[in-house]
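Summary of structural features
What follows is the residue order along each chain.
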Amino acid sequence: GQAYRKTLASTCSISCCERRDMGSASKGYGWGVLIITSIIFFYWTFWVLVLPFVDDDHSLQHLFPSKFYALSIPVFIMVLGMTTIASFIAVILIREG
């Protein structure tokens, strides 16, 4: 009984430390992704919602690509993502079928 508890305690202790280290790495990665995604979101939102009301000759217009890309880039990413998901499902169905 005692030996089993000591082994269990040492195993839990090691795995808890490993989880703590892994959690801090995941937390840092999560913060990085959150910051990058927030920057992209605010850039795109400003580009789509505010920039049409700014004069065409204003210097701010030079910081952004053409308005055509404001919708074509997200549509391309969405089509690419849906194609990837559909291909993955097709491969799974073919393997099991």
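Residues numbered from 1 in each chain as written. Predicted model: local features only at pLDDT ≥ 70, side-chain atom pairs only at ≥ 80, totals over all residues. Heavy atoms only, no water.

Across its full length, the protein chain carries 2 helices and 0 strands. With the model as given, the accessible surface of the protein chain reaches about 8600 Å², and the carbon-plus-sulfur share is 73%. (Helix = DSSP H or I, 4+ residues; strand = E, 2+ residues; numbered from the N terminus. Areas by Shrake-Rupley, 256 points an atom, 1.4 Å probe, with all protein chains shown as cover.)

Counting residues in hydrophobic clusters, the biggest one holds 5 residues: Trp47, Leu51, Val54, Phe64 and Ala70. Aside from chain neighbours lying at most four places away, what touches leucine 51 is Phe46, Leu60, Gln61 and Phe64. (Core = buried A, V, L, I, M, F, W, Y, C linked by side-chain atoms within 4.5 Å. Buried < 20%, exposed > 50% of the residue type's maximum accessible area, 1.4 Å probe, protein only. Contact = heavy atoms within 4.5 Å.)

In this section: the side chain of glutamine 61. Its place among the elements puts glutamine 61 in the loop between helix H1 (2–50) and helix H2 (68–96). For glutamine 61, the side chain forms a polar contact with the main-chain oxygen of valine 54, separated by 3.1 Å. Here glutamine 61 is in contact with Leu51, Val54, Asp55 and Asp56, once residues within four sequence places are set aside. (Polar contact = N/O pair within 3.5 Å; in protein donor to acceptor, adjacent residues only side chain to side chain.)

Our next topic: a nonpolar patch on the surface. A contiguous nonpolar patch, built from Phe68, Tyr69, Ile73, Phe76, Ile77 and Leu80 and spanning about 660 Å² of accessible area, is present on the exposed surface. Classification of isoleucine 77 as exposed rests on a relative accessible area of 54%. (Patch = residues over 30% accessible without salt bridge, like charges linked within 9 Å, V, L, I, M, F, W, Y side chains within 5 Å. Salt bridge = Lys/Arg side-chain N within 4 Å of Asp/Glu carboxyl O.)

Attention shifts here to the packing of aromatic side chains. Applying the stated criterion across every chain, the model contains 5 aromatic pairs. A centroid spacing of 5.4 Å and a plane angle of 65° characterise the contact between phenylalanine 41 and phenylalanine 42, whose relative ring orientation is edge-to-face. By relative accessible area, phenylalanine 42 is classed as exposed at 56%. Ring centres of phenylalanine 68 and tyrosine 69 lie 5.3 Å apart, and the angle between their planes is 75°; this geometry places the pair in the edge-to-face category. Judged by relative accessible area, tyrosine 69 falls into the partly exposed class, the value being 40%. Each residue in the set Tyr43, Phe46, Trp47 and Phe64 is aromatic and connected to the rest through ring pairs, giving one cluster. (Phe/Tyr/Trp six-rings, centres within 6.5 Å; stacked < 30°, edge-to-face > 60°.)

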